[in-house]
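Architecture and fold: a report
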Amino acid sequence: MAIYQTNERTNTNTRNKNHAQKRVEHVGDTRSVIPPQSLPEGASELDKQISRVLAGILADNYLLRLKVQEIHWNVEGPLFDSIHKMTEEYYTVLDGDIDELAERIRMKKFFAPANFKTYDSLSILSFDEEAQTAKEMIEHLTRDIDFVVSRFKDGIEAAEEAKDPGTADLLTAFLQHHEKYLWMFSSLLGGSSVKL
Ligand SMILES: [Fe+2]
């Protein structure tokens, strides 16, 4: 299977189209991170593939962390206190995840990308839409988390196919962090849950 699959969800607005387009455009585009001509000693082609997957997820997490902090700094209104605290908690969790994702790439003998130009080229997230109100900020954030969740799921599938349970477990643990905050931020907007 392709390591980076195209996003098949139907997008109804420009922003989502941009996300999906970005995802398609950057399929396998990690040339600036991982030289294609050779493998490090002791690393396999599968290690390279998984490192590419991890590099994309690392980029997503780093940019998402910045977006979360932007909300932490700039949110206003009656939900300020809740959002200010929740965003700080979330980006603190992301800091730990980001470090472990990068170190996982290093364990596979590839260099971890660490600059915004590369992150922008690898990530499915974009900064093309500004939110003004707290509600818009949370709406954008939940959509971004949703995209990141889908990338984690693709990554877990890739790791399982590569018979790499360590990476699959790591990604599964971090996926749960995003799912938790997706629920928490979505609940701020008013839920649509029903009784079992
Ligand atoms: Fe702060």
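Below: a short report on this structure. The structure displayed is predicted, hence computed values, not measured ones. (Residues numbered from 1 in each chain as written. Predicted model: local features only at pLDDT ≥ 70, side-chain atom pairs only at ≥ 80, totals over all residues.)

Let's talk about the overall build of the chain
Within the chain, the regular secondary structure consists of six helices and zero strands. The helix and strand sequence of the chain, counted from the amino end, reads α-α-α-α-α-α. Classification of the 196 residues of the chain by burial places 36% in the buried group. The long-range fraction of contacts in the chain, counting pairs at least 24 apart against all pairs at least 6 apart in sequence, stands at 73%. (Helix = DSSP H or I, 4+ residues; strand = E, 2+ residues; numbered from the N terminus. Buried ≥ 20, exposed ≤ 12 C-beta atoms within 10 Å, placed from the backbone. Contact = placed C-beta atoms within 7 Å.)

Points about helix 3 (residues 80–107)
Along an α-helix, residues three or four positions apart point the same way, because every turn accommodates 3.6 residues. Relative to the 40 Å expected for 28 residues at 1.5 Å per residue, helix 3 spans 40 Å between its end C-alpha atoms, a close match to the ideal helical length. Taken together, the buried positions of helix 3 are occupied by Ile 83, Met 86, Thr 87, Tyr 90, Tyr 91, Leu 94, Asp 97, Ile 98, Leu 101, Arg 104 and Ile 105. Against the buried residues of helix 3 lie helix 2 (45–74), helix 5 (134–161) and helix 6 (165–188). In the segment just after helix 3, Lys 109 is the residue with positive phi, at about 75 degrees. (Expected span 1.5 Å × (residues − 1).)

Remarks on the packing of helix 3 against helix 6
At a minimum axis separation of 11 Å, helix 3 and helix 6 run at an interaxial angle of 165 degrees. Judged on the interaxial angle alone, helix 6 and helix 3 are roughly antiparallel. The handedness of the crossing between helix 3 and helix 6 is left-handed. In this structure, helix 3 uses Ser 82, Met 86, Tyr 90, Val 93, Asp 97, Glu 100 and Arg 104 to contact helix 6, whose residues at the interface are Thr 167, Leu 170, Phe 174, His 177, Tyr 181, Met 184, Phe 185 and Leu 188. Counted by class, the contact of helix 3 with helix 6 contains nine nonpolar, three polar and three charged residues. (Axes fitted to C-alpha atoms, helices over the stretch in contact; angles between N-to-C directions. Parallel < 35°, antiparallel > 145°, perpendicular 65-115°, else oblique. Left-handed = near helix turned anticlockwise from the far one by under 90°. Nonpolar A, V, L, I, M, F, W, Y, C, P; charged D, E, K, R; others polar.)

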